[in-house]
Amino acid sequence: MTETVAQKPKRPLPKSRVMVAAQTAKVYQDAWDAKARGEKIGWSTAIFPQEICETMGIPVLYPENNAAAISAKHLGDDLIAYAEGQMRYPMNICSYARLNLALAEKIQDPAYNTADPLLPSPDFVLLANNSCTQLMKWYEQLSHNLNIPIFFVDCLFNYDEEKPAAYKVTYIRKQIESYIAEMEKFSGKKFDWDKFLEVQKRSQINSKLFDDIIQLNTRVPAPVNGFDFFNYMSCLVLCRGKESTTEIFKQLKLEIEEHIANGTTSFPAKEEYRVHWEGIACWPNLGHNLKTLKNYGVNAVINGYVTAWNIVYEPGNLDSMAYAYATSSTNSLTTETIMNMRSDTIKKFDCDGMLCHVNRSCKMMTFHIFVGRNIVEEKTGVPCSNFDGDQSDSRVYSEAQFETRVQGLVEIMKENKEAKNG
Amino acid sequence: MVNLDSLFNELDTIAVNPRIALDKYLVSGKKVIGCFPIYTPEELVHAAGMIPMGLWGGQTTPSVAGQYAPIFTCSLLRSCLEFGMLGKYQGISAALMPMLCDTYRGVSGAWRVGVKDIPLIAFIHPQNRKLAASREFLAAEYGAVKTKLEAIAGHVISDAAIKNSIGVYNAHQAAIREFCEVANDHLDVVTPKIRHTVMKSSHFMEKGAHTAIVSQIIDKLKQLPIHQWKGKKVILTGITGEPDDLLDLFAENKIAVVGDDLAQESRQFRTDIPKCGGPLESLAQQWLDRTACSTVHEVNSSRGKLIVDLARKYGAQGIAICLMKFCDVEEYEYPMLVKAAEDAGIPSLSLEIDQSTMNNEQSRTKIQSFAEMI
Ligand code: SF4
Ligand code: SF4
């Protein structure tokens, strides 16, 4: 039986989104062009000191971000199957890694064009392990399979509540210094310290602007559908040190301020409940997530993932930069630290609940949820609900389970609201 | 006069039930520090006059660990957390935990909320090991561990004491390596299980005492005529090759283990502690010298080569990859290992190591057909 479904007219994308798409396309194109000219291009982990290659004008692309984009377009399954099949990677490793390791092999064939966006093959990789140790293993494999060098900044893990001790910061700072010298040798380009300072300053402007934007969503009702923020993460991952990101963020801020002035919002329903979303998005299932949340009037006004790229330091001070890279990722801090931060955010954003993505790929994020949800519940009194999913592997997510968990959370939030309102 | 059997039995009792050793030390008034695997600087504990006791979990179906540890936590740390939460490690004064992988990062938090009676002393190894800064960092990190251990011991740990312990540990490693060599001349006596027991038991004993027993074993083996092994030979690689029943399957199929790259076994004993600077620098340098291990960052890992070389050196017909369930660091290296074996024309076999089940049926079938193939 065929059915004709009346297509709802799509809302035009806001200007800031169009700008993001253009910026991302340009970054990819620049890398392809450089490759065509015979220049070296790199792949990098998401929270690596990008300032150095940015300063040197060396194109860099980001596999985590790329894997997310491919998964959101439902183009990841074949790659994941290839990694587990022909390449023999076990299915328990991070799905970004599986997807990307397969892609890295596939693109060696110039005729391959199935994935989108398509990355040029790297001549080197940039590795920081502040998000997890799987990144280290993943990049070791890239380096091994493609026979290319790794530039590594080991960012450690803050296993105690205290701030990183001076000797830890020194170790990281010395690695950054050594990386700059090595990159000069590898690329044959001179490092321009004045330009570096400018890039650092620009990165700070962008981080600060994004933070200001996020804070606008503390308003009730929120001017922004929290899921929209996922669309701007690429600015911070790919282009943290670029002026074009500043332009995009300024535009985004204008759009949000307009919503505030007009009393409108980009959330497509009446905001009945506000929740904190914990974890990465389920990229292949974003549509279902959003539809379900919308049906229940739940706006995920804030999530910890989009704020992980705010790398705040004092430009010109390498120790301060090292410190920032050691502490910015959610996964580089203890559960207690993270969950205390989450509790504060929940209060600040006036959330009624927390929805936690138990991400099959990401052990660290899942541990934070398992170990730390009590902390949030105790500190904030809001209910937490878990659901199973994966950022790229579409086999893990269950629409029915998601729906049930959201429904369950809504019921408790409703009771709480009724009790509060007498 | 003690014979080989009684020496093996002594070690077996401890390897099978480390609690016996733990209680013995506690009763004698010793303080015991739990040491999560691997590459934990036990020498500092030893130098403090306390007993470093390996925490390797055990075969158990977790009933409480799931509260904090998701189902995809490696089987090893899930069972450790389970034992901790159930009070099976009671009496231990603190636990040293290396942040070697994501599971450790996560379990450090789980341990703190789930096992409140055993304080955690976490620490981290530098993974970027090329720079001089790495050694400085690790020496400082070990210094921080030392300070925490001193608080528990109630006295300072002198450089002389650490140097002495380094001597004890280097001598122990040498003894284990010699045992592994000598064992290969007596594969009729040293079954896969016995080979494993000798090494595993070392994690629950004061190393000097263990060296004494291993030395006796070596002497007694040397007195026996060299045995010409007619069966097959394999190399094991992975985190552990447990449980004993699994190793017995090799024996049943006339397969001897002639070398290993197991984290619980030879990986720990193949890198000496060198002399360099102060004793903390020496301990740090040992970490920087380690290679061919999934928990250690190495560009172009030499592990594939290592297992192939081991197989060639000892005339092994096959390599068994013992894949710890949900151990991602090992899982990333799996394709590379299979390929290294393939390229060398050596058959490989993959076995799932799971501490949460006693069921070895799948492994039985696999080992049987492997025995027929090699
Ligand atoms: S999703 Fe998690 S495991 Fe995968 S790369 Fe990111 S932080 Fe690491
Ligand atoms: S290295 Fe593997 S077995 Fe060891 S703790 Fe980590 S995940 Fe578990």
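Residues numbered from 1 in each chain as written. Chains lettered and ligands numbered in written order. Predicted model: local features only at pLDDT ≥ 70, side-chain atom pairs only at ≥ 80, totals over all residues. Heavy atoms only, no water.

Focus on the packing of aromatic side chains
All names here are of chain A.
- One pass over the structure, following the stated rule, counts 27 aromatic pairs over all chains.
- On the numbers, 6.4 Å between centres and 90° between planes, the contact of Phe387 with Tyr397 is edge-to-face. One end of the pair, Phe387, is in strand 8 (residues 384-389); the other, Tyr397, is in the loop between strand 8 and helix 15 (399-420), with 10 residues separating them in the sequence. Across the pair, Tyr397 and Phe387 agree in class, each one buried.
- Here the aromatic residues Phe227, Phe230, Trp277, Trp283, Phe387, Tyr397 and Phe402 are joined through ring pairs into a cluster of three or more. (Phe/Tyr/Trp six-rings, centres within 6.5 Å; stacked < 30°, edge-to-face > 60°. Helix = DSSP H or I, 4+ residues; strand = E, 2+ residues; numbered from the N terminus. Buried < 20%, exposed > 50% of the residue type's maximum accessible area, 1.4 Å probe, protein only.)

Brief notes about empty space enclosed by the protein
- For the coordinates displayed, the defined rule picks out 7 cavities of 30 Å³ or more.
- Within this model, the largest cavity holds a volume of roughly 310 Å³.
- Around the largest cavity, the lining is made up of 24 residues, and of these B:Tyr39, B:Thr40, B:Glu42, B:Gln268 and B:Arg290 lie nearest the centre.
- Contributing elements (two or more residues each) for the lining of the largest cavity: helix 3 (42-47), helix 7 (159-183), helix 11 (266-269) and helix 12 (279-289) of chain B.
- When the residues that make up the lining of the largest cavity are grouped by side-chain class, the tally is 12 nonpolar, 8 polar and 4 charged.
- As a volume, the second largest cavity reaches approximately 260 Å³.
- For the second largest cavity, the lining is made up of 23 residues, of which A:Glu64, A:Ser131, A:Asn331, A:Cys362 and A:Met365 are closest to its centre.
- At the level of elements, helix 6 (134-146) and helix 14 (363-380) of chain A are the ones that each hand at least two residues to the lining of the second largest cavity.
- Residues belonging to the lining of the second largest cavity are distributed by class as follows: 13 nonpolar, 7 polar and 3 charged. (1 Å grid on protein atoms, 1.4 Å probe; cavity = no way out; pocket = protein on both sides within 12 Å on 5 of 7 lines; lining within 4 Å. Points joined across faces, edges and corners; volume = space filled by probe spheres on them. Nonpolar A, V, L, I, M, F, W, Y, C, P; charged D, E, K, R; others polar.)

Let's talk about the sheet that holds strand 1 (residues 32-35) of chain B
All names here are of chain B.
- Taken in spatial order, the 4 strands of this open sheet run 2-1-3-4, and their pairing is parallel. Edge positions in the sheet fall to strand 2 (51-54) and strand 4 (120-123), since each has one partner strand and no second. Strand after strand, the sheet turns through a mean of 25° between neighbouring axes, direction not considered.
- Taken together, the 4 bridges between strand 1 and strand 2 define a ladder with parallel strand orientation. Each residue of the ladder has a partner; that of Gly34, found in strand 2, is Met53.
- Lying over the sheet, helix 5 (residues 102-114) contacts strand 3 (94-98) and strand 4, oriented at roughly 160° with respect to strand 3. (Pairing = 2+ DSSP bridges. Axes fitted to C-alpha atoms, helices over the stretch in contact; angles between N-to-C directions. Contact = heavy atoms within 4.5 Å.)

Structural notes on the site of ligand 1
Residues and elements named next belong to chain A.
- The environment of ligand 1 is formed by Cys94, Ser131, Cys132, Leu135, Trp138, Ile280, Asn331, Ser361, Cys362 and Gln391.
- Its atoms largely coinciding with the cavity grid, ligand 1 occupies the second largest cavity.
- Of the residues that constitute the shell around ligand 1, the class distribution is 6 nonpolar, 4 polar and no charged. (Near = heavy atom within 4 Å. Sits in = over half its atoms within 2 Å of the grid points.)

Remarks on the interface of chain B and chain A
- In this complex, chain B contributes 56 residues to the contact, which on the side of chain A involves 48 residues.
- Here chain B meets chain A over a buried area of about 4,500 Å², counting both sides, of which 61% is carbon and sulfur.
- Its largest share of buried area at the contact with chain A, chain B owes to B:Phe72, B:Arg105 and B:Tyr332, together 21% of the area lost on that side.
- The interface formed by chain B and chain A holds 22 residue pairs in polar contact (both at pLDDT 80 or more) in total.
- For the side of chain B that touches chain A, the elements supplying multiple residues, two or more each, are helix 5, strand 4, helix 6 (132-153) and helix 14 (328-343) of chain B.
- Ranked by residues supplied to the side of chain B that touches chain A, first place goes to helix 14 of chain B with 11 residues.
- In terms of residue class, the side of chain B that touches chain A is built from 29 nonpolar, 14 polar and 13 charged. (Buried area = accessible area lost by both parts, 1.4 Å probe. Polar contact = N/O pair within 3.5 Å; in protein donor to acceptor, adjacent residues only side chain to side chain.)

Considerations on the pairing of strand 2 of chain B
- Along strand 2 of chain B, one buried face is formed by B:Ile51 and B:Met53 and the opposite face, lined by B:Pro52 and B:Gly54, is buried too.
- Since strand 1 of chain B and strand 2 of chain B lie parallel, the crossover through helix 3 of chain B that links them has a hand, and here it is right-handed. (Right-handed = clockwise from strand over helix to strand, strands pointing away.)

As for the side chain of B:Ser201
Residues and elements named next belong to chain B.
- Turning to its location among the elements, Ser201 is positioned in helix 8 (residues 192-201).
- Take Ser201: its relative accessible area is 0%, and that puts it in the buried class.
- For Ser201, the contacting residues outside a window of four places in its chain are Leu11, Ile14, Ala15 and His210.

Notes on the confidence of the model for chain A
- When pLDDT is averaged along chain A, the result is 94; 97% of the residues meet or exceed 70.
- Note on residues 1-7 of chain A: pLDDT under 50 across the span, and 0 contacts to partners over four residues away in sequence or across chains. (pLDDT = per-residue confidence, 0-100.)

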